[in-house]
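Residue strings, one per chain:
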Amino acid sequence: MINRIGAKVWKSDMNRFYVDPPDGGTAFIRDAEQLHHLKNVLRLKVNDAVAAFDGEGNEYTGNITAIEKNQAVIKVASSRPARRSRFKVAIACAVPKGERMDDVIDQLTQLGVERIIPLMTERVVVRLDDAKKEARLKRWQKIAKSAAVQSRRNTLPVIEPVTGFSDAVPLFRD
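Residues numbered from 1 in each chain as written. Predicted model: local features only at pLDDT ≥ 70, side-chain atom pairs only at ≥ 80, totals over all residues. Heavy atoms only, no water.

1. Quick notes on the overall build of the protein
When helices and strands are tallied, the protein shows 4 helices and 9 strands. Secondary structure elements of the protein, listed N to C terminal, follow the sequence β-β-α-β-β-β-β-α-β-α-β-β-α. The principal-axis extents of the C-alpha atoms in the protein amount to approximately 60 × 35 × 25 Å. By residue count, 37% of the 174 residues in the protein fall in the buried class. Carbon and sulfur atoms provide 50% of the accessible area of the protein, an area that totals close to 10,600 Å². One finds the centroid of the 30 positive side-chain charges in the protein at a distance of 4 Å from the centroid of its 22 negative side-chain charges. (Helix = DSSP H or I, 4+ residues; strand = E, 2+ residues; numbered from the N terminus. Buried < 20%, exposed > 50% of the residue type's maximum accessible area, 1.4 Å probe, protein only. Areas by Shrake-Rupley, 256 points an atom, 1.4 Å probe, with all protein chains shown as cover. Lys, Arg positive; Asp, Glu negative; His and termini not counted. Charge placed at Lys NZ, Arg CZ, Asp CG, Glu CD.)

2. Side note on the pattern of salt bridges
All chains considered together, the criterion is met by 8 salt bridges. Between Arg 139 and Glu 99 there is a salt bridge; the shortest N-O distance is 3.7 Å. One end of the pair, Arg 139, is in helix H3 (residues 130–150); the other, Glu 99, is in the loop between strand S6 (90–94) and helix H2 (100–111), with 40 residues separating them in the sequence. Here Arg 139 falls in the partly exposed class, since its relative accessible area comes to 41%. For Glu 99, a relative accessible area of 49% puts it in the partly exposed group. (Salt bridge = Lys/Arg side-chain N within 4 Å of Asp/Glu carboxyl O.)

3. Details of the layout of surface pockets
Of the voids in this model, the second largest pocket is the one considered here, and its volume is about 280 Å³. Residue lining of the second largest pocket: 13 residues in total, with Asp 31, Glu 33, Gln 34, Ser 146 and Val 149 positioned closest to the centre. Mapped onto the lining of the second largest pocket, the elements with two or more residues apiece are strand S1 (16–18), helix H1 (32–41) and H3. For the lining of the second largest pocket, a count of residues per class yields 4 nonpolar, 4 polar and 5 charged. (1 Å grid on protein atoms, 1.4 Å probe; cavity = no way out; pocket = protein on both sides within 12 Å on 5 of 7 lines; lining within 4 Å. Points joined across faces, edges and corners; volume = space filled by probe spheres on them. Nonpolar A, V, L, I, M, F, W, Y, C, P; charged D, E, K, R; others polar.)

And the structure:
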């Protein structure tokens, strides 16, 4: 891959972004935080080389063709299909108090765990109503996406909704 000043760039040197699965050789970065990072932090321009992944294991390289207000457009130059692991690791973890579960999600994502199940057990101090459970789940999914970008992981873990122990046991039979 050649960047806009003509220097050869290796995939490991490229900035990585999460994208929806490309449609017809074009991928879009629509996440507001990633778009801000692309435009204002990294100050990438049209024709800059980037790497992307779709969360399903596929990895892409390409060049930015447009940077708009709500999205960046990437023309996919090459792709690499998903590589499946022989092992599928699922972790059930009681929800600790404070923001510690954020760190748990981050570290488990970087380690390659496929499924994370937050548990509400008898001795858990944290009490979450339905609205807070939904808000936490969205936050944890966002943290997992960031951790996958940082660790160059091409798949996102499935983060189950907060559940009790007896409801979590059947999830391990898949």
